[in-house]
Amino acid sequence: MPIDNNGAENAIRPFIVGRKNWLFSDTVNGAKASAVRYSIMETAKANGLEPYHYLKRVFEQLPLATSDDEIDALLPWNIDLTA
């Protein structure tokens, strides 16, 4: 276990530096939507995925998913972008 939290700090730095760009989150729903979006992006990055390609695959495959297992396969730690 690392004795510092540099990884976490580096992950949130783009959000902190650009927070004035997100002033549109003036409602609770807007803030929740932003939090979900950033959580998904950072989780994809933490799993070695390029966020654009990850989201592209999810948006293509999610409408076709018919079971919980198929949805689980789209999670950042399960997805195979080479297929």
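Here, the structure is the one placed above.
Residues numbered from 1 in each chain as written. Predicted model: local features only at pLDDT ≥ 70, side-chain atom pairs only at ≥ 80, totals over all residues. Heavy atoms only, no water.

**Some details on the overall build of the protein chain**
For clarity, the threshold we go by: Helix and strand assignments come from DSSP, with helices taken as H or I runs of at least 4 residues and strands as E runs of at least 2, each series counted from the N terminus. Any residue under 20% of the maximum accessible area for its type is buried, any over 50% is exposed, and the rest in between are partly exposed; the area is computed with a 1.4 Å probe on protein chains only. What makes two residues a contact is simply this: any of their non-hydrogen atoms within 4.5 Å. Under the convention used here, a 1.4 Å probe and the Shrake-Rupley method define accessible areas, while residue burial counts only the protein chains that appear.
A tally of regular secondary structure across the protein chain gives four helices and zero strands. The secondary structure elements of the protein chain, listed N-terminal to C-terminal, are α-α-α-α. Within the span of the protein chain, comprising 83 residues, buried residues form 19% of the whole. Considering only contacts in the protein chain between residues 6 or more positions apart, those separated by 24 or more positions represent 34%. Just so you have it, the protein chain exposes about 6,600 Å², and 60% of that area is on carbon and sulfur atoms.

**A few points about helix H2 (residues 28–46)**
Filter applied, for reference: The span one expects for a helix is its residue count, reduced by one, times 1.5 Å. Here the arc refers to the directions that run from the helix axis out to each C-beta atom.
In this model H2 runs 27 Å from its N-terminal to its C-terminal C-alpha over 19 residues, within 8% of the 27 Å that 1.5 Å per residue would give. Looking only at H2, the buried set comprises Gly30, Ser34, Tyr38, Met41 and Ala44. Buried residues of H2 fall within an arc of 125° about the axis and therefore sit on the same side. Turned more than 90 degrees off the buried face of H2, the exposed positions are Val28, Asn29, Lys32 and Ala46. Of the residues flanking the end of H2, it is Gly48, one or two places downstream, whose phi is positive at about 75°.

**Brief notes about the environment of Leu81**
One can find Leu81 in the segment after helix H4 (68–72). C-alpha separation for the pair Leu81 and Glu50, spaced 31 residues apart in sequence, amounts to 9.8 Å. Setting aside residues up to four positions removed in sequence, Leu81 forms contacts with Leu49, His53, Tyr54 and Arg57.

**Regarding the packing of aromatic side chains**
Both the distance between ring centres and the angle between the ring planes are used here to describe each pair of aromatic rings. Note the threshold: Each aromatic pair joins two rings of Phe, Tyr and Trp (for Trp, the six-membered one) with centres within 6.5 Å, and gets the label stacked for planes under 30 degrees apart, edge-to-face for over 60, and tilted for any other angle. Working rule: Lys NZ or Arg CZ, within 6 Å of ring centre, within 35 degrees of ring normal, means a charge sits over the ring.
Tallied over the entire structure, the rule returns zero aromatic pairs. Cation over ring: Arg37 sits above Tyr38, and NZ or CZ is 4.9 Å from the ring centre.

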